[in-house]
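Results of the structural survey
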Amino acid sequence: PGSSIDVNTATADTMDVRIIAEGADIPLDQASYATTNLAPVKYGVGVRITREMMEDSKSNLLDHNVRVAGKRLAENEQSLVVTALGTGANTVTGGATVTIANITRAMQYLEDSDYSPTVYVVGMEVLNDLRNIDTFVEMDKVGNREMLSQGFLGTIYGMNVVKASSNAGMTATTSYVLDRQHGYMIAEKRPVTVENFELPSHDMSAAALTQRITVAALR
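Source: prediction; values computed, not measured. (Residues numbered from 1 in each chain as written. Predicted model: local features only at pLDDT ≥ 70, side-chain atom pairs only at ≥ 80, totals over all residues. Heavy atoms only, no water.)

With that out of the way, let us pick up the overall build of the chain. The helix and strand inventory of the chain stands at six helices and nine strands. In the chain, buried positions account for 31% of the 219 residues. Long-range contacts, defined as pairs at least 24 residues apart, comprise 69% of the intrachain contacts of the chain with a sequence gap of at least 6. Summed over all atoms, the accessible surface of the chain reaches about 13,700 Å², with 49% contributed by carbon and sulfur. (Helix = DSSP H or I, 4+ residues; strand = E, 2+ residues; numbered from the N terminus. Buried < 20%, exposed > 50% of the residue type's maximum accessible area, 1.4 Å probe, protein only. Contact = heavy atoms within 4.5 Å. Areas by Shrake-Rupley, 256 points an atom, 1.4 Å probe, with all protein chains shown as cover.)

Another aspect to go through is the nonpolar core. By size, the foremost hydrophobic cluster in this structure holds 16 residues, and its most contacted members are Ile103, Tyr120, Val122, Leu130, Met159 and Val177. Of all elements in the fold, only α3 (100-112), β4 (119-122), α4 (124-131) and β6 (159-163) reach the threshold of two or more residues within this core. In terms of residue count, the dominant contributor to this core is α3 (four residues). Those residues within four positions of Ile103 in sequence are excluded, and the remaining contacts are Val98, Tyr120, Leu130, Tyr157 and Met159. Of all hydrophobic cores here, the second largest spans 13 residues; its members include Val82, Val119, Val121 and Val215. (Core = buried A, V, L, I, M, F, W, Y, C linked by side-chain atoms within 4.5 Å.)

The subject of this paragraph is the sheet that holds strand β8 (residues 184-199). Two orientations exist for strands paired in a sheet by backbone hydrogen bonds: parallel and antiparallel. Within the open sheet, the three strands sit side by side as β3-β9-β8. Their pairing is antiparallel. Because the sheet does not close on itself, it has two edges, and the strands there are β3 (41-50) and β8. Put simply, the sheet's adjacent strands are angled 10° from each other on average, direction ignored. Bridge analysis of β8 against strand β9 (residues 204-217) gives 13 bridges, and the strand direction is antiparallel. Bridge assignment links Glu188 to a residue of β9, and that residue is Ile213. (Pairing = 2+ DSSP bridges. Axes fitted to C-alpha atoms, helices over the stretch in contact; angles between N-to-C directions.)

In this section: the environment of Gly86. Here Gly86 is to be found in the loop between α2 (61-85) and α3. When its relative accessible area of 47% is taken as the criterion, Gly86 is described as partly exposed. Between the C-alpha atom of Gly86 and that of Ala217, which follows or precedes it by 131 residues, the distance is 8.8 Å.

When the terminal C-alpha atoms of α3 are compared, their 18 Å separation across 13 residues agrees well with the 18 Å that a helix rising 1.5 Å per residue should span. Buried within α3 we find Asn102, Ile103, Ala106, Met107 and Leu110. Viewed along the axis of α3, the buried residues span an arc of 135°, placing them on a single side of the element. Turned more than 90 degrees away from the buried face of α3, the exposed residues are Ala101 and Asp112. Lining the buried residues of α3 we find β4, α4, β6 and β7 (175-178). (Expected span 1.5 Å × (residues − 1). Arc of directions from axis to C-beta.)

Put into structure tokens, the structure is as follows:
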């Protein structure tokens, strides 16, 4: 329940460029659009810590629980994005490990439709596969030491490499190639919000963490 967001999305790049005679009017044209309605959903969790626990602990338990809750909200947001990415029409099926040929074929699918592969989202097993591809490790091939010094490459073939946690809906053996301008959209009515409050009648300190968000595939 709640309010929604209407988003205009291009349905087809139908605009045409024409030959124009000298002095003639420039013809008008435009892309075709459709309206997509996105209804943000509220997600949240409450935290309550007794005064005794706060007094007896060597660390701030309320602060720690808020940090954990924030991580869970981030993982939930990532799982929504992964679900949207999973609706992509093209799939590259690899073998036991991801290869360079698998990556470049996925890039080609986007390029065939005149999009630009800009982001490579990888699961943990795919990340391990990348670490074992000698092209990305040996100096005479890759020309830098990113993989050796950082544990993964910042970019591969111009794409930003993004690690996605298996705890947040990402299959460890899966990866996604996308155009960041066209892959998916996020509608957020309320960013992650933390409200601290006291419950004197229960002698407790508490916090409520909420977020209103939804994610949908764009093109």
